[in-house]
Amino acid sequence: MRLYVREFDGPADRTLLVIHGGPDWDHSYLVEPLRELAGGRRLLFPDLRGCGRSPVVDPLTPDAMVADLIELIGSSAVDVLGFSYGGLIA
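Reading the values: the criteria
Residues numbered from 1 in each chain as written. Predicted model: local features only at pLDDT ≥ 70, side-chain atom pairs only at ≥ 80, totals over all residues. Heavy atoms only, no water. Helix = DSSP H or I, 4+ residues; strand = E, 2+ residues; numbered from the N terminus. Buried < 20%, exposed > 50% of the residue type's maximum accessible area, 1.4 Å probe, protein only. Polar contact = N/O pair within 3.5 Å; in protein donor to acceptor, adjacent residues only side chain to side chain. Contact = heavy atoms within 4.5 Å. Phe/Tyr/Trp six-rings, centres within 6.5 Å; stacked < 30°, edge-to-face > 60°. Lys NZ or Arg CZ within 6 Å of the ring centre and 35° of its normal. Pairing = 2+ DSSP bridges. Axes fitted to C-alpha atoms, helices over the stretch in contact; angles between N-to-C directions.

Asks: What is the right way to look at the side chain of R49 in this model?
Replies: Take R49: it is sitting in the loop between β3 (42-46) and α2 (62-73). On the basis of relative accessibility, which here comes to 8%, the residue R49 falls in the buried class. Side-chain polar atoms of R49 contact the backbone oxygen of P59, separated by 3.1 Å. Residue contacts for R49: discarding those within four places in its chain leaves M1, L3, S54, P55, V57, D58, P59, L60, A64, M65 and D68.

Asks: Help me out: how do you make sense of the packing of aromatic side chains in this one?
Replies: Taken as a whole and assessed by the stated rule, the structure comprises two aromatic pairs. Ring centres 5.9 Å apart and planes at 80° place the aromatic pair F8 and F45 in the edge-to-face group. With a gap of 37 residues between them, F8 in strand β1 (residues 5-8) and F45 in strand β3 connect regions that are remote in the sequence. Each member of the pair, F8 as well as F45, is classed as buried. When the ring of W25 is compared with that of Y29, the centres are 5.3 Å apart and the planes differ by 90°; the resulting orientation is edge-to-face. Judged by relative accessible area, which is 41%, W25 ranks as partly exposed. For R53, the ring lying beneath its charged end belongs to Y4, and the centroid distance is 4.7 Å.

Asks: What is the right way to look at unusual backbone geometry in this model?
Replies: Across the chain, the bulk of peptide bonds are trans and the bulk of non-glycine residues have phi less than zero. A cis geometry characterises the amide bond from G22 onward to P23, with omega recorded as 20°. Along the chain, P23 turns up in the loop between β2 (15-19) and α1 (28-34). A cis geometry characterises the amide bond from D58 onward to P59, with omega recorded as 5°. Within the chain, S84 stands out as a residue other than glycine whose phi angle is a positive 55°. Looking at the element boundaries, S84 is found in the loop between β4 (79-82) and α3 (85-89).

Asks: Can you walk me through the sheet that holds β3 in this structure?
Replies: Strand pairing in a sheet takes place through backbone hydrogen bonds and is either antiparallel or parallel in direction. Spatially, β1-β3-β2-β4 is the arrangement adopted by the four strands of the open sheet, whose pairing is mixed. In the strand order of this sheet, the two ends are held by β1 and β4, each with one partner. Averaged over neighbouring strand pairs, the angle between their axes works out to 20° when direction is ignored. Here β2 pairs with β3 via three bridges, running parallel.

Take a look at the structure:
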């Protein structure tokens, strides 16, 4: 599953994966309050499956969304920050 991801550069070993709420929202409301972390951290703001600019692909379940994010980050160690529904996914 190919998710839309907005990324801000920073050290790869200091990546923060930010998961939006919803489930029908997108990442955009989180960019401004967290942007100041960029540079000191690599920031990843994905749109979950079926949200924002990511395609709608069944199933639209928390387990499928977790699998998408695992595919996105691979075996990299990241910190995770989730808001509302994104907290469940985190």
